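So the chains spell out like this:
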Amino acid sequence: MEELLDILKDLHPDVDFEHCTTLIDDKILDSIDIVSLVAEINDAFDVAVPAEEIVPENFNSAQALWEMIQRLDEV
Amino acid sequence: MQRNVLEYLEATAPRLPDKVAFSNGTDSLTFGQLSRSARGIGTWLAGQGLSHEPVVVFMEKHPHSIAAFFGVVYSGCFYVPIDEEMPAYRVELIFQTLKPRAVLCDEKTRSQVEAMGYDGILCNYEAAAATEPDDGVLAAIRAAQLDTDPLYIVFTSGSTGVPKGVVACHRSVIDYIEQLSATLGFSEETVFGNQTPLYFDACLKELYPTLKFGATTYLIPKSLFMFPIKLVDYLNEHKINTVCWVVSALTMISGFRVLEKQVPEYLHTIAFGSEVFPIRQFQLWRKALPNAKFTNLYGPTEATGMSCFYHVDRDFEADEVIPIGQPFPNTGILLLTEDNKLAAPGELGEICIKGTCLTMGYYRMPEKTAECFVQNPLNDAYPELIYRTGDLGRYNERGELVFVSRKDFQIKHMGHRIELQEIEVVAAMHPEVAQACATYDKEKDKIHLYYTGGAESGELSAFLKEKLPRYMLPNRMERLERMPLTPNGKVDRKALAAK
(Lines give C-alpha, C1' and ligand atoms only; values in the text may rest on other atoms or scores of the structure.)
Protein backbone atom coordinates (compact mmCIF):
# COMPACT_ATOMS: atom_id res chain seq x y z
CA MET A 1 0.00 0.00 0.00
CA GLU A 2 2.86 2.40 0.85
CA GLU A 3 4.37 1.84 -2.56
CA LEU A 4 1.03 2.53 -4.25
CA LEU A 5 0.61 5.75 -2.28
CA ASP A 6 4.08 6.82 -3.38
CA ILE A 7 3.13 6.27 -7.01
CA LEU A 8 -0.05 8.29 -6.54
CA LYS A 9 1.71 11.10 -4.67
CA ASP A 10 4.17 11.33 -7.50
CA LEU A 11 1.29 12.01 -9.90
CA HIS A 12 -0.43 14.62 -7.75
CA PRO A 13 1.64 15.77 -4.77
CA ASP A 14 -1.23 17.97 -3.55
CA VAL A 15 -3.90 15.26 -3.23
CA ASP A 16 -4.74 13.43 0.01
CA PHE A 17 -4.77 9.94 -1.45
CA GLU A 18 -5.07 8.25 1.98
CA HIS A 19 -8.57 9.58 2.39
CA CYS A 20 -9.95 10.58 -0.99
CA THR A 21 -12.60 8.20 -2.34
CA THR A 22 -13.74 10.29 -5.30
CA LEU A 23 -10.64 10.33 -7.48
CA ILE A 24 -12.72 9.70 -10.60
CA ASP A 25 -16.03 11.26 -9.57
CA ASP A 26 -14.34 14.55 -8.72
CA LYS A 27 -12.13 14.48 -11.82
CA ILE A 28 -8.94 14.37 -9.76
CA LEU A 29 -7.50 11.72 -12.07
CA ASP A 30 -7.69 12.19 -15.84
CA SER A 31 -6.99 9.91 -18.75
CA ILE A 32 -3.24 10.48 -18.82
CA ASP A 33 -3.12 9.69 -15.08
CA ILE A 34 -4.91 6.41 -15.73
CA VAL A 35 -2.45 5.47 -18.48
CA SER A 36 0.59 6.31 -16.29
CA LEU A 37 -0.93 4.69 -13.24
CA VAL A 38 -1.65 1.38 -14.97
CA ALA A 39 1.86 1.29 -16.44
CA GLU A 40 3.42 1.96 -13.04
CA ILE A 41 1.21 -0.52 -11.22
CA ASN A 42 2.08 -3.20 -13.78
CA ASP A 43 5.78 -2.50 -13.24
CA ALA A 44 5.84 -2.07 -9.48
CA PHE A 45 3.58 -4.99 -8.54
CA ASP A 46 4.43 -7.32 -11.39
CA VAL A 47 0.80 -7.66 -12.46
CA ALA A 48 -0.96 -6.99 -15.76
CA VAL A 49 -4.05 -4.87 -15.25
CA PRO A 50 -6.46 -6.10 -17.94
CA ALA A 51 -8.81 -3.72 -19.76
CA GLU A 52 -11.81 -5.16 -17.90
CA GLU A 53 -10.41 -3.84 -14.62
CA ILE A 54 -10.02 -0.30 -15.96
CA VAL A 55 -13.38 0.87 -14.67
CA PRO A 56 -14.26 3.85 -12.42
CA GLU A 57 -14.95 1.68 -9.34
CA ASN A 58 -11.35 0.48 -9.27
CA PHE A 59 -9.82 3.93 -9.55
CA ASN A 60 -11.90 6.02 -7.18
CA SER A 61 -9.63 5.49 -4.16
CA ALA A 62 -6.21 4.18 -3.23
CA GLN A 63 -8.00 1.43 -1.28
CA ALA A 64 -9.94 0.29 -4.38
CA LEU A 65 -6.77 0.29 -6.43
CA TRP A 66 -5.01 -1.70 -3.75
CA GLU A 67 -7.80 -4.27 -3.67
CA MET A 68 -7.60 -4.62 -7.43
CA ILE A 69 -3.84 -5.18 -7.26
CA GLN A 70 -4.30 -7.86 -4.58
CA ARG A 71 -6.96 -9.55 -6.66
CA LEU A 72 -4.74 -9.58 -9.74
CA ASP A 73 -1.81 -10.82 -7.72
CA GLU A 74 -3.70 -13.91 -6.60
CA VAL A 75 -4.37 -15.14 -10.13
CA MET B 1 -21.17 31.40 -53.79
CA GLN B 2 -21.46 30.44 -50.15
CA ARG B 3 -20.51 33.31 -47.86
CA ASN B 4 -21.63 32.18 -44.43
CA VAL B 5 -21.28 28.86 -42.58
CA LEU B 6 -24.95 29.03 -41.57
CA GLU B 7 -25.95 28.35 -45.17
CA TYR B 8 -25.03 24.73 -44.42
CA LEU B 9 -27.60 24.63 -41.63
CA GLU B 10 -30.21 26.50 -43.66
CA ALA B 11 -29.99 23.94 -46.47
CA THR B 12 -30.17 20.94 -44.12
CA ALA B 13 -32.70 21.96 -41.45
CA PRO B 14 -35.75 22.10 -43.80
CA ARG B 15 -34.66 18.83 -45.44
CA LEU B 16 -34.01 16.80 -42.26
CA PRO B 17 -35.84 18.68 -39.47
CA ASP B 18 -36.28 15.63 -37.22
CA LYS B 19 -32.89 14.03 -37.63
CA VAL B 20 -30.54 14.28 -34.66
CA ALA B 21 -27.71 16.70 -35.40
CA PHE B 22 -25.85 16.74 -32.08
CA SER B 23 -26.20 14.44 -29.10
CA ASN B 24 -24.22 13.48 -26.05
CA GLY B 25 -26.03 10.17 -25.74
CA THR B 26 -28.59 11.60 -23.32
CA ASP B 27 -29.56 15.05 -24.62
CA SER B 28 -29.96 15.72 -28.33
CA LEU B 29 -30.82 18.52 -30.72
CA THR B 30 -32.42 17.79 -34.09
CA PHE B 31 -31.62 20.00 -37.05
CA GLY B 32 -35.01 21.65 -36.61
CA GLN B 33 -34.42 22.37 -32.91
CA LEU B 34 -30.86 23.50 -33.60
CA SER B 35 -32.04 25.98 -36.21
CA ARG B 36 -34.83 27.28 -33.97
CA SER B 37 -32.56 27.75 -30.94
CA ALA B 38 -29.75 29.35 -32.93
CA ARG B 39 -32.12 31.85 -34.58
CA GLY B 40 -33.63 32.62 -31.18
CA ILE B 41 -30.22 33.32 -29.69
CA GLY B 42 -29.24 35.39 -32.74
CA THR B 43 -32.36 37.49 -32.38
CA TRP B 44 -31.80 37.96 -28.66
CA LEU B 45 -28.14 39.04 -29.08
CA ALA B 46 -29.01 41.42 -31.91
CA GLY B 47 -31.69 42.88 -29.64
CA GLN B 48 -28.95 43.72 -27.14
CA GLY B 49 -27.27 45.87 -29.77
CA LEU B 50 -24.39 43.48 -30.32
CA SER B 51 -22.78 43.27 -33.73
CA HIS B 52 -19.38 42.32 -35.18
CA GLU B 53 -17.85 41.64 -31.79
CA PRO B 54 -16.82 38.64 -29.68
CA VAL B 55 -19.51 36.86 -27.67
CA VAL B 56 -18.19 34.36 -25.14
CA VAL B 57 -19.86 30.97 -24.93
CA PHE B 58 -19.00 29.80 -21.43
CA MET B 59 -20.90 26.54 -21.19
CA GLU B 60 -20.50 22.90 -20.40
CA LYS B 61 -19.76 20.68 -23.40
CA HIS B 62 -23.28 19.91 -24.59
CA PRO B 63 -25.39 20.10 -27.79
CA HIS B 64 -26.66 23.42 -26.42
CA SER B 65 -23.20 24.99 -26.54
CA ILE B 66 -23.07 24.21 -30.26
CA ALA B 67 -26.48 25.84 -30.77
CA ALA B 68 -25.08 28.84 -28.86
CA PHE B 69 -22.15 29.09 -31.31
CA PHE B 70 -24.50 29.25 -34.27
CA GLY B 71 -26.76 31.67 -32.41
CA VAL B 72 -23.81 34.04 -32.02
CA VAL B 73 -23.12 33.73 -35.75
CA TYR B 74 -26.76 34.57 -36.55
CA SER B 75 -26.35 37.81 -34.62
CA GLY B 76 -23.43 38.81 -36.86
CA CYS B 77 -20.96 38.38 -33.98
CA PHE B 78 -18.25 35.77 -33.53
CA TYR B 79 -18.16 33.11 -30.84
CA VAL B 80 -15.42 32.50 -28.33
CA PRO B 81 -15.77 29.13 -26.62
CA ILE B 82 -14.42 28.93 -23.08
CA ASP B 83 -13.79 25.68 -21.27
CA GLU B 84 -15.89 25.46 -18.11
CA GLU B 85 -13.05 23.53 -16.44
CA MET B 86 -10.49 26.21 -17.23
CA PRO B 87 -9.04 27.85 -14.08
CA ALA B 88 -10.50 31.30 -13.35
CA TYR B 89 -7.08 32.93 -13.65
CA ARG B 90 -6.79 31.88 -17.28
CA VAL B 91 -10.37 32.84 -18.10
CA GLU B 92 -9.65 36.30 -16.67
CA LEU B 93 -6.59 36.67 -18.89
CA ILE B 94 -8.73 35.80 -21.90
CA PHE B 95 -11.45 38.25 -20.83
CA GLN B 96 -8.83 41.00 -20.48
CA THR B 97 -7.87 40.46 -24.11
CA LEU B 98 -11.44 40.19 -25.38
CA LYS B 99 -13.28 42.70 -23.22
CA PRO B 100 -16.49 40.90 -24.22
CA ARG B 101 -19.75 42.80 -23.88
CA ALA B 102 -21.80 39.60 -23.71
CA VAL B 103 -21.44 36.08 -22.32
CA LEU B 104 -23.75 33.12 -22.83
CA CYS B 105 -23.69 30.69 -19.92
CA ASP B 106 -25.65 27.75 -18.50
CA GLU B 107 -27.03 26.95 -15.06
CA LYS B 108 -23.71 25.48 -14.01
CA THR B 109 -21.34 28.16 -15.30
CA ARG B 110 -23.33 31.29 -14.37
CA SER B 111 -21.82 31.44 -10.87
CA GLN B 112 -18.29 31.05 -12.30
CA VAL B 113 -18.77 34.08 -14.55
CA GLU B 114 -20.33 36.08 -11.72
CA ALA B 115 -17.49 35.15 -9.37
CA MET B 116 -15.06 36.78 -11.78
CA GLY B 117 -16.81 40.07 -11.25
CA TYR B 118 -17.92 40.20 -14.89
CA ASP B 119 -20.27 43.17 -15.32
CA GLY B 120 -21.38 42.86 -18.97
CA ILE B 121 -24.45 41.18 -20.42
CA LEU B 122 -24.78 37.67 -19.01
CA CYS B 123 -27.54 35.45 -20.31
CA ASN B 124 -28.50 31.84 -19.75
CA TYR B 125 -28.70 29.71 -22.87
CA GLU B 126 -32.26 28.64 -22.17
CA ALA B 127 -33.54 32.21 -21.98
CA ALA B 128 -31.77 33.37 -25.13
CA ALA B 129 -32.76 30.25 -27.09
CA ALA B 130 -36.42 30.66 -26.14
CA THR B 131 -36.56 34.06 -27.85
CA GLU B 132 -38.97 34.14 -30.79
CA PRO B 133 -36.77 34.35 -33.92
CA ASP B 134 -37.21 37.55 -35.91
CA ASP B 135 -36.47 36.48 -39.46
CA GLY B 136 -36.48 40.05 -40.76
CA VAL B 137 -33.78 41.13 -38.31
CA LEU B 138 -31.69 38.03 -39.05
CA ALA B 139 -31.98 38.51 -42.82
CA ALA B 140 -30.83 42.12 -42.55
CA ILE B 141 -27.81 41.06 -40.49
CA ARG B 142 -26.96 38.37 -43.02
CA ALA B 143 -27.25 40.64 -46.01
CA ALA B 144 -24.59 42.91 -44.55
CA GLN B 145 -22.18 40.10 -43.66
CA LEU B 146 -18.97 39.33 -45.53
CA ASP B 147 -17.23 36.00 -45.78
CA THR B 148 -14.18 37.75 -44.36
CA ASP B 149 -16.05 38.56 -41.12
CA PRO B 150 -14.73 36.65 -38.11
CA LEU B 151 -16.54 33.44 -37.21
CA TYR B 152 -14.78 32.42 -34.00
CA ILE B 153 -11.77 33.01 -31.78
CA VAL B 154 -10.03 30.10 -30.10
CA PHE B 155 -7.28 30.59 -27.54
CA THR B 156 -4.02 28.73 -27.68
CA SER B 157 -1.02 28.64 -25.35
CA GLY B 158 1.27 31.69 -25.48
CA SER B 159 4.96 31.66 -24.56
CA THR B 160 4.70 34.94 -22.62
CA GLY B 161 2.10 33.43 -20.30
CA VAL B 162 -0.85 35.16 -22.03
CA PRO B 163 -3.00 32.90 -24.25
CA LYS B 164 -3.29 33.98 -27.89
CA GLY B 165 -6.69 34.26 -29.57
CA VAL B 166 -6.67 33.00 -33.15
CA VAL B 167 -9.39 34.70 -35.24
CA ALA B 168 -10.87 32.73 -38.16
CA CYS B 169 -13.36 33.99 -40.74
CA HIS B 170 -16.22 32.27 -42.57
CA ARG B 171 -14.31 31.94 -45.80
CA SER B 172 -11.38 29.98 -44.38
CA VAL B 173 -13.74 27.66 -42.50
CA ILE B 174 -15.88 27.01 -45.59
CA ASP B 175 -12.72 26.29 -47.58
CA TYR B 176 -11.52 23.89 -44.89
CA ILE B 177 -14.83 22.07 -44.54
CA GLU B 178 -15.18 21.59 -48.29
CA GLN B 179 -11.66 20.21 -48.68
CA LEU B 180 -11.73 18.07 -45.55
CA SER B 181 -15.14 16.58 -46.41
CA ALA B 182 -14.02 15.61 -49.92
CA THR B 183 -10.79 14.14 -48.59
CA LEU B 184 -12.38 12.03 -45.86
CA GLY B 185 -15.57 11.21 -47.77
CA PHE B 186 -18.18 12.47 -45.27
CA SER B 187 -21.87 12.06 -46.16
CA GLU B 188 -25.34 12.04 -44.66
CA GLU B 189 -24.56 8.53 -43.36
CA THR B 190 -21.61 9.78 -41.34
CA VAL B 191 -21.94 9.33 -37.58
CA PHE B 192 -19.16 11.24 -35.86
CA GLY B 193 -17.83 10.45 -32.41
CA ASN B 194 -16.39 13.75 -31.23
CA GLN B 195 -13.49 13.56 -28.77
CA THR B 196 -11.86 16.98 -28.91
CA PRO B 197 -13.06 19.84 -26.72
CA LEU B 198 -15.30 22.50 -28.28
CA TYR B 199 -12.91 25.30 -27.31
CA PHE B 200 -10.36 24.40 -29.99
CA ASP B 201 -10.53 24.43 -33.76
CA ALA B 202 -10.27 20.62 -33.76
CA CYS B 203 -14.06 20.31 -33.37
CA LEU B 204 -14.65 22.08 -36.70
CA LYS B 205 -14.17 18.66 -38.29
CA GLU B 206 -17.42 17.43 -36.79
CA LEU B 207 -19.47 20.60 -36.32
CA TYR B 208 -19.64 21.93 -39.86
CA PRO B 209 -19.71 18.67 -41.88
CA THR B 210 -22.65 17.67 -39.65
CA LEU B 211 -24.49 20.79 -40.85
CA LYS B 212 -23.34 20.43 -44.44
CA PHE B 213 -24.40 16.81 -44.94
CA GLY B 214 -27.10 16.37 -42.34
CA ALA B 215 -24.84 13.91 -40.53
CA THR B 216 -24.95 13.22 -36.77
CA THR B 217 -22.32 13.98 -34.15
CA TYR B 218 -22.12 12.36 -30.74
CA LEU B 219 -20.21 14.40 -28.18
CA ILE B 220 -18.54 11.57 -26.30
CA PRO B 221 -18.39 12.24 -22.53
CA LYS B 222 -14.81 13.02 -21.57
CA SER B 223 -14.81 10.52 -18.71
CA LEU B 224 -15.13 7.65 -21.19
CA PHE B 225 -11.63 8.39 -22.45
CA MET B 226 -10.35 7.01 -19.16
CA PHE B 227 -12.21 3.72 -19.48
CA PRO B 228 -11.49 2.08 -22.82
CA ILE B 229 -14.04 -0.76 -22.73
CA LYS B 230 -16.86 1.63 -21.93
CA LEU B 231 -15.63 3.85 -24.73
CA VAL B 232 -15.81 1.06 -27.31
CA ASP B 233 -19.26 0.12 -25.98
CA TYR B 234 -20.36 3.71 -26.54
CA LEU B 235 -19.03 3.74 -30.11
CA ASN B 236 -20.93 0.55 -30.88
CA GLU B 237 -24.11 1.57 -29.11
CA HIS B 238 -24.38 4.71 -31.23
CA LYS B 239 -23.06 3.07 -34.41
CA ILE B 240 -20.30 5.65 -34.69
CA ASN B 241 -18.49 5.20 -38.00
CA THR B 242 -16.15 8.19 -38.18
CA VAL B 243 -13.68 9.59 -35.66
CA CYS B 244 -11.18 12.43 -35.88
CA TRP B 245 -9.28 11.98 -32.64
CA VAL B 246 -5.95 12.88 -31.16
CA VAL B 247 -3.55 9.96 -31.21
CA SER B 248 -3.52 9.53 -27.43
CA ALA B 249 -7.27 8.82 -27.46
CA LEU B 250 -6.76 6.02 -29.99
CA THR B 251 -3.76 4.56 -28.19
CA MET B 252 -5.74 4.57 -24.95
CA ILE B 253 -7.87 1.83 -26.54
CA SER B 254 -5.12 -0.10 -28.32
CA GLY B 255 -2.59 0.28 -25.49
CA PHE B 256 -4.84 -1.52 -23.02
CA ARG B 257 -5.28 -4.31 -25.57
CA VAL B 258 -9.00 -3.70 -25.84
CA LEU B 259 -9.03 -4.35 -29.59
CA GLU B 260 -8.17 -8.01 -28.98
CA LYS B 261 -11.48 -8.44 -27.20
CA GLN B 262 -13.78 -5.84 -28.62
CA VAL B 263 -13.72 -3.88 -31.85
CA PRO B 264 -15.59 -0.65 -32.69
CA GLU B 265 -17.48 -2.53 -35.38
CA TYR B 266 -19.07 0.36 -37.27
CA LEU B 267 -15.90 2.41 -37.54
CA HIS B 268 -14.74 2.86 -41.15
CA THR B 269 -13.06 6.28 -41.18
CA ILE B 270 -10.34 7.12 -38.69
CA ALA B 271 -8.52 10.42 -38.88
CA PHE B 272 -5.85 11.28 -36.37
CA GLY B 273 -3.29 13.96 -35.90
CA SER B 274 -1.64 16.48 -33.65
CA GLU B 275 0.84 13.87 -32.50
CA VAL B 276 3.06 11.09 -33.76
CA PHE B 277 1.25 7.75 -33.86
CA PRO B 278 3.50 5.04 -32.38
CA ILE B 279 3.70 2.46 -35.18
CA ARG B 280 3.12 -0.56 -32.94
CA GLN B 281 -0.12 0.95 -31.68
CA PHE B 282 -1.11 1.94 -35.18
CA GLN B 283 -0.63 -1.63 -36.38
CA LEU B 284 -2.98 -2.91 -33.69
CA TRP B 285 -5.66 -0.61 -35.10
CA ARG B 286 -5.07 -1.59 -38.69
CA LYS B 287 -5.17 -5.26 -37.77
CA ALA B 288 -8.42 -4.84 -35.85
CA LEU B 289 -10.07 -2.77 -38.62
CA PRO B 290 -8.47 -3.95 -41.87
CA ASN B 291 -11.13 -2.31 -44.06
CA ALA B 292 -11.13 1.09 -42.39
CA LYS B 293 -9.57 4.16 -43.96
CA PHE B 294 -6.83 5.73 -41.81
CA THR B 295 -5.78 9.31 -42.47
CA ASN B 296 -3.07 11.34 -40.79
CA LEU B 297 -3.91 15.04 -40.57
CA TYR B 298 -1.60 17.94 -39.87
CA GLY B 299 -2.20 21.61 -39.42
CA PRO B 300 -1.91 24.57 -37.05
CA THR B 301 -4.85 26.50 -35.58
CA GLU B 302 -3.55 29.56 -37.45
CA ALA B 303 -4.38 27.91 -40.79
CA THR B 304 -7.93 26.93 -39.76
CA GLY B 305 -7.82 23.37 -38.56
CA MET B 306 -5.88 21.01 -40.74
CA SER B 307 -3.70 21.79 -43.75
CA CYS B 308 -2.22 18.46 -44.88
CA PHE B 309 -3.38 14.86 -45.10
CA TYR B 310 -1.98 11.45 -45.79
CA HIS B 311 -4.15 8.39 -46.42
CA VAL B 312 -2.22 5.45 -45.02
CA ASP B 313 -1.57 3.22 -48.02
CA ARG B 314 1.30 1.02 -46.85
CA ASP B 315 2.86 -0.67 -43.85
CA PHE B 316 5.35 1.11 -41.64
CA GLU B 317 8.34 -0.23 -39.72
CA ALA B 318 8.46 0.44 -35.99
CA ASP B 319 11.15 3.12 -36.45
CA GLU B 320 9.33 4.96 -39.24
CA VAL B 321 7.09 8.00 -39.01
CA ILE B 322 3.73 8.27 -40.75
CA PRO B 323 4.04 11.21 -43.18
CA ILE B 324 1.75 14.22 -43.12
CA GLY B 325 1.57 13.82 -46.87
CA GLN B 326 0.35 16.68 -49.01
CA PRO B 327 -1.63 19.88 -48.59
CA PHE B 328 -5.39 19.95 -49.12
CA PRO B 329 -6.39 21.36 -52.51
CA ASN B 330 -6.37 25.17 -52.38
CA THR B 331 -3.72 25.16 -49.63
CA GLY B 332 -0.10 25.95 -50.40
CA ILE B 333 2.91 24.67 -48.45
CA LEU B 334 6.33 26.25 -48.68
CA LEU B 335 9.22 24.50 -47.01
CA LEU B 336 11.68 27.31 -46.27
CA THR B 337 15.29 26.95 -45.18
CA GLU B 338 16.86 29.35 -42.67
CA ASP B 339 17.91 31.72 -45.46
CA ASN B 340 14.35 31.73 -46.87
CA LYS B 341 15.02 29.48 -49.84
CA LEU B 342 12.88 26.52 -50.85
CA ALA B 343 14.28 23.39 -49.21
CA ALA B 344 15.72 20.81 -51.63
CA PRO B 345 14.22 17.29 -51.56
CA GLY B 346 15.23 15.69 -48.28
CA GLU B 347 16.43 19.00 -46.82
CA LEU B 348 14.98 20.31 -43.56
CA GLY B 349 12.83 23.45 -43.73
CA GLU B 350 10.18 25.36 -41.83
CA ILE B 351 6.65 24.47 -42.90
CA CYS B 352 4.96 27.67 -44.11
CA ILE B 353 1.37 27.83 -45.25
CA LYS B 354 -0.45 30.12 -47.67
CA GLY B 355 -3.91 30.34 -49.12
CA THR B 356 -7.51 31.02 -48.13
CA CYS B 357 -6.96 28.74 -45.13
CA LEU B 358 -4.93 31.37 -43.27
CA THR B 359 -6.75 32.79 -40.29
CA MET B 360 -6.76 36.53 -39.63
CA GLY B 361 -4.14 36.44 -36.88
CA TYR B 362 -4.16 36.95 -33.11
CA TYR B 363 -6.88 39.08 -31.52
CA ARG B 364 -5.52 42.41 -30.27
CA MET B 365 -1.93 41.23 -30.71
CA PRO B 366 -0.62 43.04 -33.79
CA GLU B 367 3.07 42.48 -33.02
CA LYS B 368 2.66 38.77 -32.44
CA THR B 369 0.55 38.52 -35.60
CA ALA B 370 3.15 40.36 -37.68
CA GLU B 371 5.83 37.99 -36.40
CA CYS B 372 4.10 34.84 -37.65
CA PHE B 373 1.96 36.01 -40.57
CA VAL B 374 4.53 37.48 -42.91
CA GLN B 375 5.02 38.42 -46.55
CA ASN B 376 6.05 35.42 -48.63
CA PRO B 377 9.83 35.96 -48.87
CA LEU B 378 9.82 34.37 -52.34
CA ASN B 379 7.43 37.03 -53.66
CA ASP B 380 8.48 40.68 -53.95
CA ALA B 381 5.81 41.56 -56.54
CA TYR B 382 2.54 41.82 -54.56
CA PRO B 383 1.27 41.29 -51.02
CA GLU B 384 0.97 37.61 -50.19
CA LEU B 385 0.90 36.37 -46.60
CA ILE B 386 2.29 33.10 -45.37
CA TYR B 387 1.99 31.67 -41.88
CA ARG B 388 5.27 30.46 -40.40
CA THR B 389 4.30 27.42 -38.33
CA GLY B 390 7.60 26.95 -36.50
CA ASP B 391 7.33 23.27 -37.44
CA LEU B 392 10.29 21.74 -39.22
CA GLY B 393 9.69 19.18 -41.96
CA ARG B 394 11.19 17.61 -45.05
CA TYR B 395 10.05 15.72 -48.12
CA ASN B 396 10.82 11.99 -48.12
CA GLU B 397 11.95 10.04 -51.19
CA ARG B 398 8.31 9.51 -52.18
CA GLY B 399 7.72 13.26 -52.21
CA GLU B 400 5.55 13.14 -49.06
CA LEU B 401 5.91 15.80 -46.42
CA VAL B 402 7.16 14.52 -43.05
CA PHE B 403 7.01 16.43 -39.76
CA VAL B 404 10.40 16.36 -38.03
CA SER B 405 10.42 18.67 -34.98
CA ARG B 406 9.78 22.17 -33.63
CA LYS B 407 11.97 25.25 -33.93
CA ASP B 408 11.08 26.39 -30.40
CA PHE B 409 9.71 25.02 -27.14
CA GLN B 410 6.20 24.33 -28.31
CA ILE B 411 5.08 20.75 -27.69
CA LYS B 412 2.09 18.54 -28.39
CA HIS B 413 0.96 16.78 -25.24
CA MET B 414 -2.11 14.52 -25.31
CA GLY B 415 -3.05 16.33 -28.51
CA HIS B 416 -2.82 19.79 -26.93
CA ARG B 417 -0.49 22.46 -28.16
CA ILE B 418 1.53 23.92 -25.32
CA GLU B 419 4.33 26.48 -25.03
CA LEU B 420 6.62 25.14 -22.30
CA GLN B 421 7.56 28.72 -21.38
CA GLU B 422 3.97 29.43 -20.39
CA ILE B 423 4.24 26.76 -17.68
CA GLU B 424 7.56 28.26 -16.55
CA VAL B 425 6.17 31.80 -16.38
CA VAL B 426 3.25 30.66 -14.24
CA ALA B 427 5.41 28.48 -11.96
CA ALA B 428 7.74 31.43 -11.37
CA MET B 429 4.75 33.47 -10.14
CA HIS B 430 4.76 31.33 -6.99
CA PRO B 431 6.36 33.48 -4.27
CA GLU B 432 8.72 30.70 -3.27
CA VAL B 433 9.88 29.65 -6.71
CA ALA B 434 13.10 31.28 -7.85
CA GLN B 435 13.51 29.69 -11.25
CA ALA B 436 11.52 27.16 -13.22
CA CYS B 437 12.19 25.11 -16.31
CA ALA B 438 9.75 22.77 -18.03
CA THR B 439 10.92 19.95 -20.26
CA TYR B 440 9.03 17.41 -22.29
CA ASP B 441 9.76 13.70 -22.44
CA LYS B 442 8.47 12.85 -25.89
CA GLU B 443 8.77 9.11 -25.52
CA LYS B 444 6.61 8.96 -22.40
CA ASP B 445 4.50 12.02 -23.32
CA LYS B 446 5.23 13.66 -19.96
CA ILE B 447 5.95 17.22 -18.90
CA HIS B 448 8.57 17.65 -16.18
CA LEU B 449 8.99 20.79 -14.16
CA TYR B 450 12.28 21.59 -12.43
CA TYR B 451 12.43 24.50 -10.06
CA THR B 452 14.56 26.17 -7.41
CA GLY B 453 13.33 27.89 -4.27
CA GLY B 454 11.57 26.88 -1.09
CA ALA B 455 8.17 25.76 -2.43
CA GLU B 456 7.02 22.24 -1.56
CA SER B 457 5.95 20.24 -4.60
CA GLY B 458 2.46 19.79 -3.13
CA GLU B 459 2.01 23.55 -2.71
CA LEU B 460 3.34 24.29 -6.16
CA SER B 461 1.13 21.64 -7.69
CA ALA B 462 -1.96 23.15 -6.07
CA PHE B 463 -0.83 26.63 -7.18
CA LEU B 464 -0.44 25.54 -10.80
CA LYS B 465 -3.86 23.89 -10.79
CA GLU B 466 -5.40 27.27 -10.02
CA LYS B 467 -3.73 28.92 -12.95
CA LEU B 468 -3.15 26.45 -15.77
CA PRO B 469 -5.55 24.23 -17.71
CA ARG B 470 -5.35 20.61 -16.76
CA TYR B 471 -3.49 19.50 -19.87
CA MET B 472 -0.65 21.93 -19.13
CA LEU B 473 0.07 20.64 -15.62
CA PRO B 474 3.47 19.00 -15.22
CA ASN B 475 3.32 15.24 -14.76
CA ARG B 476 6.44 15.30 -12.57
CA MET B 477 7.95 18.04 -10.44
CA GLU B 478 11.38 18.18 -8.95
CA ARG B 479 13.00 20.79 -6.74
CA LEU B 480 16.66 21.43 -7.46
CA GLU B 481 19.31 23.10 -5.33
CA ARG B 482 20.39 25.02 -8.41
CA MET B 483 19.52 25.07 -12.09
CA PRO B 484 22.11 23.56 -14.41
CA LEU B 485 23.37 26.33 -16.71
CA THR B 486 25.02 26.33 -20.09
CA PRO B 487 28.43 28.06 -20.49
CA ASN B 488 26.67 31.28 -21.54
CA GLY B 489 24.45 31.30 -18.51
CA LYS B 490 21.13 30.00 -19.88
CA VAL B 491 19.23 27.19 -18.26
CA ASP B 492 20.66 23.97 -19.65
CA ARG B 493 17.48 22.36 -20.97
CA LYS B 494 19.38 19.47 -22.50
CA ALA B 495 20.90 18.54 -19.15
CA LEU B 496 17.46 18.68 -17.53
CA ALA B 497 15.83 16.69 -20.30
CA ALA B 498 18.49 14.00 -19.87
CA LYS B 499 17.67 13.59 -16.17
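Residues numbered from 1 in each chain as written. Chains lettered and ligands numbered in written order. Predicted model: local features only at pLDDT ≥ 70, side-chain atom pairs only at ≥ 80, totals over all residues.

Participant: Hey, could you run me through the sheet that holds strand S26 (residues 476-479) of chain B in this one?
Facilitator: The strands making up a sheet are joined through hydrogen bonds of the backbone, oriented either antiparallel or parallel. All names here are of chain B. Pairing is mixed across the open sheet formed by three strands, whose spatial order is S24-S25-S26. Edge positions in the sheet fall to strand S24 (435-441) and S26, since each has one partner strand and no second. With strand direction ignored, the average angle separating the axes of adjacent strands in the sheet is 20°. Where strand S25 (residues 446-452) lies against S26, four bridges are found, and the strand directions are parallel. When the sheet's bridge partners are listed, Tyr450 is paired in S26 with Glu478. In the packing of helix H14 (residues 420-427) onto the sheet, contacts are made with S24 and S25, and the angle to S24 comes to roughly 150°. (Pairing = 2+ DSSP bridges. Helix = DSSP H or I, 4+ residues; strand = E, 2+ residues; numbered from the N terminus. Axes fitted to C-alpha atoms, helices over the stretch in contact; angles between N-to-C directions. Contact = placed C-beta atoms within 7 Å.)

Participant: How do you make sense of the domain arrangement of chain B when you look at a structure like this?
Facilitator: Accessible area lost when the parts come together is the quantity often used to give the size of an interface. All names here are of chain B. Under the domain assignment used here, chain B contains domain 1 (6-162) and domain 2 (410-497). The gap between the C-alpha centroids of domain 1 and domain 2 is 35 Å. Contacts between domain 1 and domain 2 engage twelve residues on the former and 14 residues on the latter. Its residues placed into classes, the side of domain 1 that touches domain 2 shows three nonpolar, six polar and three charged. (Domains from an automatic or database assignment. Nonpolar A, V, L, I, M, F, W, Y, C, P; charged D, E, K, R; others polar.)

Participant: Could you clarify how one ought to interpret helix H9 (residues 204-213) of chain B in this entry?
Facilitator: The element H9 of chain B is largely enclosed, with a buried count of nine among its ten residues. The first or second residue beyond H9 of chain B is Gly214 of chain B, which carries a positive phi of 75°. (Buried ≥ 20, exposed ≤ 12 C-beta atoms within 10 Å, placed from the backbone.)

Participant: Help me out: how do you make sense of helix H12 (residues 279-288) of chain B in this one?
Facilitator: Because each turn of an α-helix spans 3.6 residues, side chains separated by three or four positions in sequence point in the same direction. All names here are of chain B. Among the residues of H12, Phe282, Leu284 and Trp285 are the ones counted as buried. Along the axis of H12, the buried positions cluster into a sector of 155°, meaning they face one direction only. Of the residues in H12, the exposed ones pointing more than 90 degrees away from the buried face are Arg280 and Lys287. In this structure, the buried side of H12 is in contact with helix H11 (247-255). (Arc of directions from axis to C-beta.)

Participant: Where do I start with the pairing of strand S9 (residues 191-194) of chain B in this structure?
Facilitator: All names here are of chain B. Both faces of S9 are covered, namely the face carrying Val191 and Gly193 and the face carrying Phe192 and Asn194. Of the pairings in the sheet, the one linking S9 to strand S10 (residues 216-219) comprises four bridges and is parallel in character. For Phe192, the partnering residue across the bridge sits in S10 and is Thr217. The parallel pair S9 and S10, bridged by H9, forms a crossover whose chirality is right-handed. (Right-handed = clockwise from strand over helix to strand, strands pointing away.)

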